[in-house]
Amino acid sequence: MANNLTSALDKKLVLGEDSKDPSSDAKGGSKDDKSLVVCFGEMLIDFVPTVGGVSLAEAPAFKKAPGGAPANVAVGVSRLGGSSGFIGKVGDDEFGYSLADILKQNNVNNSGVRFDPSARTALAFVTLRADGEREFLFFP
């Protein structure tokens, strides 16, 4: 990727670096730089029932969807026109590579994604029951 997360982090996180730069604005960032939002944490596959208002046990079938709050935030920032990156670990499996590709398709810098050959990408079954409560079943 042209936008390297490591170099962007180095540029943004070195204390005092921007204050020495005459092109920096009063808040410590360069006027020409776009702020980078970096999200750390989980990225997983959600399995959501194909019908609403049922418990997980009552669901006739499930649809898979990318999930994980930090990854969702990174995609949301990008879709709103911001610059974002994601740092996290997934399994060295088809689901992990698919999730990393979804980040890339959504213009999220995915160079911080690590693929662990000794782990599987997490799965979560999630539903919104008829009483309005969410129900989760995780397979880490």
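Here is what the cut-offs are and how they apply
- Residues numbered from 1 in each chain as written.
- Predicted model: local features only at pLDDT ≥ 70, side-chain atom pairs only at ≥ 80, totals over all residues.
- Heavy atoms only, no water.
- Helix = DSSP H or I, 4+ residues; strand = E, 2+ residues; numbered from the N terminus.
- Contact = heavy atoms within 4.5 Å.
- Salt bridge = Lys/Arg side-chain N within 4 Å of Asp/Glu carboxyl O.
- Buried < 20%, exposed > 50% of the residue type's maximum accessible area, 1.4 Å probe, protein only.
- Phe/Tyr/Trp six-rings, centres within 6.5 Å; stacked < 30°, edge-to-face > 60°.
- Pairing = 2+ DSSP bridges.
- Right-handed = clockwise from strand over helix to strand, strands pointing away.
- Core = buried A, V, L, I, M, F, W, Y, C linked by side-chain atoms within 4.5 Å.
- Axes fitted to C-alpha atoms, helices over the stretch in contact; angles between N-to-C directions.

Quick look at the environment of leucine 123
Tracing the backbone through its elements, the reader meets leucine 123 in strand S6 (residues 123–128). Distance from leucine 123 to lysine 64, taken between C-alpha atoms, is 9.4 Å for residues 59 residues apart in sequence. Beyond its immediate stretch of four places on either side in the chain, leucine 123 contacts Ile45, Phe47, Phe95, Leu137, Phe138 and Phe139.

Some remarks on the pattern of salt bridges
The full count for this structure, using the stated rule, is two salt bridges. Where aspartate 116 meets lysine 89, a salt bridge forms, and the shortest distance between an N and an O atom there is 3.3 Å. Here aspartate 116, found in strand S5 (residues 108–116), pairs with lysine 89, found in strand S4 (residues 83–91); they are 27 residues apart in sequence, far enough to count as distant. What makes lysine 89 exposed here is its relative accessible area of 56%. Arginine 129 is paired through a salt bridge with aspartate 131; the nearest N and O atoms lie 3.2 Å apart. A residue is classified by how much of its surface remains accessible, and arginine 129, at 30% relative accessible area, is partly exposed. When its relative accessible area of 53% is taken as the criterion, aspartate 131 is described as exposed.

Things to note about the packing of aromatic side chains
For the structure on display, the rule yields six aromatic pairs. Consider the rings of phenylalanine 47 and phenylalanine 95, whose centres lie 6.4 Å apart with planes at 80 degrees: the pair is edge-to-face. Here the residue phenylalanine 47 occupies a position in strand S2 (residues 44–49), and phenylalanine 95 occupies one in helix H3 (residues 94–105), the gap between them amounting to 48 residues. Assessed through its relative accessible area of 15%, phenylalanine 47 is described here as buried. Under the relative-accessibility criterion, phenylalanine 95 is labelled partly exposed at 28%. A centroid spacing of 4.2 Å and a plane angle of 10 degrees characterise the contact between tyrosine 97 and phenylalanine 115, whose relative ring orientation is stacked. Here the residue tyrosine 97 occupies a position in helix H3, and phenylalanine 115 occupies one in strand S5, the gap between them amounting to 18 residues. For phenylalanine 115, a relative accessible area of 29% translates into the label partly exposed. Here the aromatic cluster, defined as three or more aromatic residues joined through ring pairs, consists of Phe47, Phe62, Phe95, Phe125 and Phe139.

Structural notes on the pairing of S4
Counting buried residues in S4 gives seven out of nine residues, a clear majority hidden from the surface. Strand direction decides the pairing type here: strand S1 (residues 36–40) and S4, joined by five bridges, are parallel. Along S4, the bridge assignment pairs leucine 36 with serine 83. Alignment of S4 against S5, held across seven bridges, turns out to be parallel. Paired with lysine 89 across the two strands is arginine 114, which belongs to S5. Taken together, S4, H3 and S5 form a β-α-β motif whose crossover is right-handed.

What about the nonpolar core?
One recurring pattern in soluble globular proteins: nonpolar side chains tend to sit buried together. Counting residues in each nonpolar core, the largest one holds 15 residues, and the members touching the most others are Met43, Ile45, Ala71, Phe86, Leu103, Val108 and Val113. Elements represented by at least two residues in this core include exactly S2, helix H2 (69–79), S4, H3 and S5.

With respect to the sheet that holds strand S7 (residues 134–139)
The mixed open sheet is built from four strands, whose spatial order is S3-S2-S6-S7. Each edge of the open sheet is held by one strand with a lone partner, namely strand S3 (62–67) and S7. Sheet twist, expressed as the average angle between the axes of neighbouring strands with direction ignored, equals 25 degrees. Along the sheet face, H3 touches S2, S3 and S6 and points at about 95 degrees away from the line of S2.

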